[in-house]
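Here are the chains, one letter per residue:
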There are 2 protein chains.
Amino acid sequence: MGINVNRRFLLGGAVGGAGALAGCATAPASAALPADSNLPAGLFGPAPGVALLSRNENPYGPSPKVMAAVAEATRCGAYYCDTSYLAAMIAEKNGIAPSQVVLSTGSGEALSAAALAFGKSGAIACPALFWDTTSKYAEAKGVTLKRSPMIGDLEIDLAAIEASVDDSVSMVHICNPNNPTGRSLDPAQLRAFCSRVSEKVPVLVDEAYNELTDDPAGNSMMDLVRAGKNVLVARTFSKIYGMAGMRIGYIMASEEHARMISQYVMSWMSAPSLAAAVASYNDDAFLAFSKSKVTEARQMVHAAMTANGINYLPSETNFIYANVPDAAAYQRAMAARNIQIRGPYGALTQWSRVSMGKIEDVERYCAAIPEALGA
Amino acid sequence: MGINVNRRFLLGGAVGGAGALAGCATAPASAALPADSNLPAGLFGPAPGVALLSRNENPYGPSPKVMAAVAEATRCGAYYCDTSYLAAMIAEKNGIAPSQVVLSTGSGEALSAAALAFGKSGAIACPALFWDTTSKYAEAKGVTLKRSPMIGDLEIDLAAIEASVDDSVSMVHICNPNNPTGRSLDPAQLRAFCSRVSEKVPVLVDEAYNELTDDPAGNSMMDLVRAGKNVLVARTFSKIYGMAGMRIGYIMASEEHARMISQYVMSWMSAPSLAAAVASYNDDAFLAFSKSKVTEARQMVHAAMTANGINYLPSETNFIYANVPDAAAYQRAMAARNIQIRGPYGALTQWSRVSMGKIEDVERYCAAIPEALGA
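Residues numbered from 1 in each chain as written. Chains lettered and ligands numbered in written order. Predicted model: local features only at pLDDT ≥ 70, side-chain atom pairs only at ≥ 80, totals over all residues. Heavy atoms only, no water.

Chemist: So what exactly am I meant to see when it comes to the overall build of chain A here?
Modeler: Summing up its helical and strand segments, chain A has 15 helices and twelve strands in all. Computed over its C-alpha atoms, the radius of gyration of chain A comes to 21 Å, within 12% of the 21 Å expected for a compact globule of 375 residues. Seen along its three principal axes, the alpha-carbon backbone of chain A occupies a region of about 65 × 55 × 35 Å. Within chain A, the fraction of its 375 residues that count as buried is 61%. For chain A, the proportion of contacts with a sequence separation of at least 24, taken over those separated by at least 6, is 74%. Within the structure as shown, chain A displays about 13,000 Å² of accessible surface, and the carbon and sulfur contribution to it stands at 52%. Treating the 30 positive side-chain charges of chain A as one cloud and the 33 negative ones as another, the clouds have centres 2 Å apart. (Helix = DSSP H or I, 4+ residues; strand = E, 2+ residues; numbered from the N terminus. Rg over C-alpha atoms; globule rule 2.2 N^0.38 Å. Buried < 20%, exposed > 50% of the residue type's maximum accessible area, 1.4 Å probe, protein only. Contact = heavy atoms within 4.5 Å. Areas by Shrake-Rupley, 256 points an atom, 1.4 Å probe, with all protein chains shown as cover. Lys, Arg positive; Asp, Glu negative; His and termini not counted. Charge placed at Lys NZ, Arg CZ, Asp CG, Glu CD.)

This is the structure we're talking about:
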């Protein structure tokens, strides 16, 4: 696809001319790469010896293609940058127009913007348990959240959410696969839900973990966006792309919704992050590698949990939600062994979330389970 | 100051332990720097042959210290990053507490957040002409702007703004030095204004260009922030630091105001941008170099304008606002010569803004003045 986008980009002439070389490498001293950055120790990444399994990151990123791209962008860091090329790449891969893509610094910003944009005219219908950071952002500014309780084993109750959609509701927001549960909704049921409900209000599906599932295309609601339905899909470079620290995400929606959300987005992407996204977006070899490491880790954790009698929810993501006697005590016991995992979510004091990290760190987690359970 | 901040940081243990090495360089392939980034040509910076003098950038940045720091952060780009170290550096340099610093992706985001946070409870009093992008962001969401006309040679009318502050006003917002005029307010008058008016409502001063002025400390209202006045100061890494594309800025204010604004900020800084800021914040040699290039360019443009009979407003910034017969025609004539400058601002059709860029580009601008005037 690179050729098509390239041609469109260069003909558009938004930034440079055909065959142009970067015109900004003006400072040779700055272009050279000193051996030592002089940054204080420990500014980035986990401290030595810490297994960081608490934040759903993917430590196998970024893609190897990213380093040189970031260096080039940073040499040009004096200049405001234009994100239209990345929007065109995303649009092309997803079969939509670039005007249907809202880029933001992590998908969180676009999700917050959507919550403000839709929330001003009504409540947001959502599950009791999901990645609700951005909904809470809007709630703190006066937006109402209309939550439906979970059913079964912490499953999203689509029927209850659908029943909750009345004239007071301006948008439905779910996360699939869900966080922190890791559960995926049945694609056929979700597709039918989105088709019906989107006739009444927009349905926003946060698909942050979609690319890690066994059937990304089947699990995604992008076909409904392409079909012109009232559906919005959020994606991120923080998970399978392994670039949580680079802050790159986006929402794909109708042109009208994209414009609405864009008006609320506050920032725009930095040049290094833009370069990282462009360089890695279609790096299929790296994405397959990422996914294989996540799958390998998940199988290890599943086996260890089963061996230790821990029940866990099904997950096709890079985290597992497991039923333990006391999630806070379990977290403390892991922390005492330099293994960081998530503590309880609110009243869910018997559920513990662990992220898939480096294989050697996941091994440490698995080995520590018996002692942590006994703690 | 490095020692103090380092100690505080390491004792605080927010990110890593004392003497810790970055624990995230897990991907040797990614750590190596390929010769070619494979980015499409022209993605960053001006196209070859274009003198980009329209956006108040500083092409002499970033500081040489930035490249290695960004590379280190990008190797750790898999992990969410913690901006508290940068907040502590900024606080220390400015004599305030870290909790008084709101970091954002460019100062624009913090300014937009402030406009929403204060604007919800009243109008924003401001000049007719200033960098109002962020105020307009809030205006589009229902916030009222109460503008006071300019006086004299496009000067901010502090008396009129003060007189406009009544119960309907929630904040005063000015920009000093102002953009697009380049004019600086008299520091004593501004300080007296801020002291008086801040007894009624918060006064936000955007000091994006402060470090480029002849007397940064004297021109800044930071002494009032330190004194606990109801004053807020915005700064950016986009100007003297030469990193517009890196999206780093901040507001310094009371702890209460900082908390208020933070609740509205939507995004957080990427790891490469954070690293770039930390590496260059106290690079005084580079800042002096930047300032010397801006001053050199300004003197060239002033001389060329005088020689061509163009009147211009006084400026201690990296741009000059000049009185020309027809700003649109003048811009077109420059563009025909591959020199990009700003076109007219609204009804100000006889005023043209040119940014100081690379010396060779500024020379081209100066040489083109006679023909552009004749166009």
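Alright, that's what it looks like, and here's the rest.
Chemist: Can you help me understand the nonpolar core in this one?
Modeler: What tends to happen in soluble globular proteins is that the nonpolar side chains get buried as a cluster. Ranked by internal contacts, the top residues of the largest apolar core, which has 191 residues, are F44, V172 and Y365 of chain A together with F44, L86, V172 and Y365 of chain B. Membership of the second largest hydrophobic core comes to 56 residues, among which are A253 of chain A together with V102, A110 and I251 of chain B. (Core = buried A, V, L, I, M, F, W, Y, C linked by side-chain atoms within 4.5 Å.)

Chemist: Even after reading the chapter, I still don't get the sheet that holds strand β4 (residues 145-148) of chain A, so can you show me in this structure?
Modeler: Strand pairing in a sheet relies on backbone hydrogen bonds. The paired strands run either parallel or antiparallel. All names here are of chain A. If you walk across this open sheet you meet the seven strands as β2-β8-β7-β6-β5-β3-β4, and the pairing is mixed. The open sheet has two edge strands, β2 (101-104) and β4, and neither has a second partner. The sheet shows a mean angle of 20° between the axes of neighbouring strands, taken without regard to direction. Bridging between β2 and strand β8 (residues 249-252) involves four bridges; their strand directions are antiparallel. Among the inter-strand pairings, V102 is bridged to a residue of β8, identified as I251. On top of the sheet, helix α5 (residues 107-119) reaches β2, β3 (123-127), β5 (169-175), β6 (203-206), β7 (231-236) and β8; it is set at about 155° to β5, its chief contact. (Pairing = 2+ DSSP bridges. Axes fitted to C-alpha atoms, helices over the stretch in contact; angles between N-to-C directions.)

Chemist: So what exactly am I meant to see when it comes to the pattern of salt bridges here?
Modeler: Two side chains that carry opposite charge are able to pair once their charged atoms sit near each other. Summed over all chains, the structure comprises 26 salt bridges over all chains. Between D132 of chain B and R147 of chain B there is a salt bridge whose closest N-O contact spans 2.8 Å. Separated by 15 residues along the polypeptide, D132 of chain B in the loop between β3 (123-127) and α6 (133-139) and R147 of chain B in strand β4 (residues 145-148) bring together distant segments of the chain. A residue is classified by how much of its surface remains accessible, and D132 of chain B, at 11% relative accessible area, is buried. Between E371 of chain B and R337 of chain B there is a salt bridge, with its nearest N and O atoms 2.7 Å apart. Here the residue E371 of chain B occupies a position in helix α15 (residues 359-374), and R337 of chain B occupies one in the loop between α14 (327-336) and β11 (339-340), the gap between them amounting to 34 residues. On the basis of relative accessible area, R337 of chain B is assigned to the partly exposed category, the value being 31%. Among the charged side chains, a network of salt bridges with common partners joins D132, K136 and R147 of chain A. (Salt bridge = Lys/Arg side-chain N within 4 Å of Asp/Glu carboxyl O.)

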